[in-house]
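Take a look at the letters that make up each chain.
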Amino acid sequence: MSTGDRAFRWLTAVAAWAVLITLLAAALSMAWGGRLAFRTFGWKFITSPNWDAVGHNFGAAIPIYGTLVSSALAMLVAIPTSLGIAIFLSEVAPRWLRGPVGMAIELLAAIPSIIYGMWGLFVFAPFMANHVEPWLNDKLGPLPGIGPLFSGPPIGIGMLTAGIVLGIMTIPFISSVMRDVFQAVPPALRESAFALGATPWEVTRKVTLPYTSSAVLGAIFLGLGRALGETMAVTFVLGNAHDFSGSLLMPGNSIAAAIANEFTEADSPIYLSSLIALGFLLFVVTFIVLAIAKFMLMRIERSFG
Amino acid sequence: MKKKMSWPLAIVATVAALGGATAYAAENITGAGSTFVFPILSKWAADYSNQTGDHINYQSIGSGGGIAQIKAATVDFGASDKPLAPEELAQAGLAQFPLVIGGVVPVYNLTGTRPGQLRFSGPVLADIYLGRITKWNDPNLVRLNPGVRLPATTINVVHRSDGSGTTFNFVHYLSQVSGDWRGKVGEGTAVQWPTGVGGKGNEGVSAYVKQIPNSIGYVEYAYALQNKMAFGQVQNAAGRFIMPNARSFQAAAAHANWGAAKDFYLVMTNAAGPDSYPITATVFIMMYKHPKNPVHSAAALKFFRWALAKGQPQAASLDYVPFPPTVVNQINRYIAAEIK
């Protein structure tokens, strides 16, 4: 090997290891910072819904629940929309439209999250409060089963609004990656399908999607990771209440929002430690969610052979 | 940007002062803490800097942050809406004195009512925030507000989501007037709220209150005034309903027994006196008794003495309330005696 090759190997290896080491160091330092909370509360830190700074009694159940539910809602909004956008751009849209729309989506990805948060609070939350949530109250509230999900005062701020805002935020990330992978499908494959008489819908379903399934799931993970860790946009519209509520219209809290809200004024060692422990749990939750997603990906890949 | 600009400017000013061999060298004083005091402190700092050349670099990171920073000795002074107990001060070698007065006011968004019209009592506010009074036409609220048509709608409670000196003064008051509040929730800069949604900062709470119909929240008086929010009267310890304003805050300050409070460790909520507003708040300054940098500390003290003596017009223009002269004298005596 020449010196140049060796240097190249080393440089790329260092870059790759640096990510792993940073990740590990961040996780370890948060586990270390949160050790007081973990030692004091034990497993109850994960299961307890308490968050009492006066009584020094902390538990992460509500922020964990809020993080998972808001991210799940976000994916419910973002995945179908992004798929639609990507398929439209790569299969349906006329060529002259693809450039501008694609550019617009990439620009959306560059908007800072606080802008989404403020838009959510000043524009979207009143819309939800005045139009969407009263309707949900009336139509879905009385239904058995899902009724309790849509009960409660329509204040426009809560889990549902946060989930939708998060979903809108993640659409550009997911859809731009999906569009890129759809366009990377070898033309020979698609054209042969068309030559056999397949419609655009059949080509998408039977050729494009199976061919790109792993990359599509990768795009979804990217959006999911962003939704799980999103802070500012969520904190504006989630309501930041350490209350457990079965209704999606009621305020809740997420791990990232709780940390952002409370870190500066955490005035006792156990409070500070509990917030850092929350940060560690966000790591763990993200890891578990992504691991489950990866597992699903492997199964899908196997089923496609 | 402004804050960042002041550093190079200050350095230029210092160099110029040294180079010109003038008798006076500009000092760079740093402080951190309470967001509540930030508007008036930055106004004072600008005026003071014009007059003397000394720069005050104040970071409004929150009261808890201010206490942490002064304890770490990274700043020349800390500012907090919550006083430290004398034992805690002694342990850290700190002195503490009050600087300016404000108040916490209940704000509401209720169609059919006028600003300043609604009357609250401490126990009723506590029950609203405990989630016991849930409707605007609750008999307890109706009794306090004869002649006001209160709707049968749910009260949407708004509180702070971050730790805050505003919260501290508000829940300190609720703990004084409601045994249930004291037992179930207690007092602190952050508490476990039994109900409601949390907004970040005064601006978060006011945005929620403005947007959520039939809501109630609490913010700093100056903030409510500048944002034209509807706020209510609160019943004081003497049983009268008091409109929050400069006069009622000063009445509360005049009735507080500052002379008897060691290190000015006194929270003015639920003050005695017929005209006292019950949720009157104070900003406290914390400094080292034996500072690491005596030059900075002396410059900071000079600034605070100037603010206490000459800062009234600016304070009034920003809806803060200065201390009455008797208290200012006590503060000056304390500073002279305690801080070397």
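Each remark here, short or long, concerns the structure printed above.
Residues numbered from 1 in each chain as written. Chains lettered and ligands numbered in written order. Predicted model: local features only at pLDDT ≥ 70, side-chain atom pairs only at ≥ 80, totals over all residues. Heavy atoms only, no water.

**So, the pattern of salt bridges**
Residues and elements named next belong to chain A. Worth spelling out the cut-off: Salt bridges, as used here, are contacts in which a Lys or Arg side-chain nitrogen is within 4 Å of a carboxyl oxygen on Asp or Glu. Strands are runs of DSSP state E lasting at least 2 residues, helices are runs of H or I lasting at least 4, and numbering of each runs from the N terminus.
Taken as a whole and judged by the stated rule, the model has eleven salt bridges over all chains. A salt bridge links Arg 190 to Glu 91; its shortest N-O distance comes to 2.9 Å. Here Arg 190 is found in helix α8 (residues 187–195), whereas its partner Glu 91 is found in helix α4 (residues 61–92), with 99 residues between them in sequence.

**Some thoughts on the sheet that holds strand β10 (residues 241–242) of chain B**
Residues and elements named next belong to chain B. Definition in use: Whether two strands pair depends on DSSP finding at least two bridges between them.
Pairing in this open sheet of three strands is mixed, and the strands run β5-β9-β10 from one edge to the other. Each edge of the open sheet is held by one strand with a lone partner, namely β5 (119–120) and β10. Bridge analysis of strand β9 (residues 233–235) against β10 gives two bridges, and the strand direction is antiparallel. By the bridge assignment for β10, Gln 235 is matched with Phe 241.

**Concerning helix α3 (residues 63–71) of chain B**
All names here are of chain B. The criterion, for reference: Here's how the labels work: a residue is buried when its accessible area is under 20% of the maximum for its type, exposed when over 50%, partly exposed in between, all with a 1.4 Å probe on protein chains only. Note on definitions: a residue-residue contact is assigned when non-hydrogen atoms from the two residues lie within 4.5 Å.
Among all positions in α3, only Ser 63, Gly 64, Gly 65, Gly 66, Ile 67 and Ile 70 are buried. Lining the buried residues of α3 we find β1 (28–33), β3 (77–80), β4 (94–109), α7 (165–177) and β11 (280–288). Of the residues one or two after α3, Ala 73 is the one with positive phi, at around 60 degrees.

**Section: α7 of chain B**
Residues and elements named next belong to chain B. Applicable threshold: Helix span, as expected, comes to 1.5 Å for every residue beyond the first. Identification of polar contacts relies on pairs of N or O atoms within 3.5 Å, with a donor-acceptor requirement for protein atoms, meaning one able to donate a hydrogen and the other able to accept it, and with residues adjacent in sequence counted only if both atoms are side-chain atoms.
The terminal C-alpha atoms of α7 lie 19 Å apart, and with 13 residues this matches the ideal 18 Å at 1.5 Å per residue to within 8%. The buried count for α7 comes to eleven of 13 residues, which makes it a mostly enclosed element. Considered for burial, the residues of α7 that qualify are Gly 165, Thr 166, Thr 167, Phe 168, Asn 169, Phe 170, Val 171, His 172, Tyr 173, Leu 174 and Ser 175. The residue sitting at the N-terminus of α7 and contributing the capping side-chain oxygen is Ser 164; that oxygen lies 2.9 Å from the backbone nitrogen of Thr 166.

**A short note on the interface of chain A and chain B**
The condition is simple: The quantity reported as buried area is the accessible area (1.4 Å probe) lost by two parts once they are put together, taken as the sum for both. When residues are grouped by polarity, Ala, Val, Leu, Ile, Met, Phe, Trp, Tyr, Cys and Pro land in nonpolar, Asp, Glu, Lys and Arg in charged, and all others, Gly among them, in polar.
Tallying the contact residues gives 29 residues for chain A and 31 residues for chain B. At the boundary of chain A with chain B, total buried surface from both sides reaches about 2,100 Å², with 49% on carbon and sulfur atoms. The interface formed by chain A and chain B includes zero salt bridges. The interface formed by chain A and chain B holds eight residue pairs in polar contact (both at pLDDT 80 or more) in total. Elements supplying a minimum of two residues to the side of chain A that touches chain B: β1 (51–52), α6 (113–139), α10 (232–237) and α11 (255–262) of chain A. At four residues, the largest contribution of residues to the side of chain A that touches chain B is made by α6 of chain A. A breakdown of the residues in the side of chain A that touches chain B according to their chemical character gives 18 nonpolar, six polar and five charged.

Any functional reading would require information beyond the geometric quantities listed.
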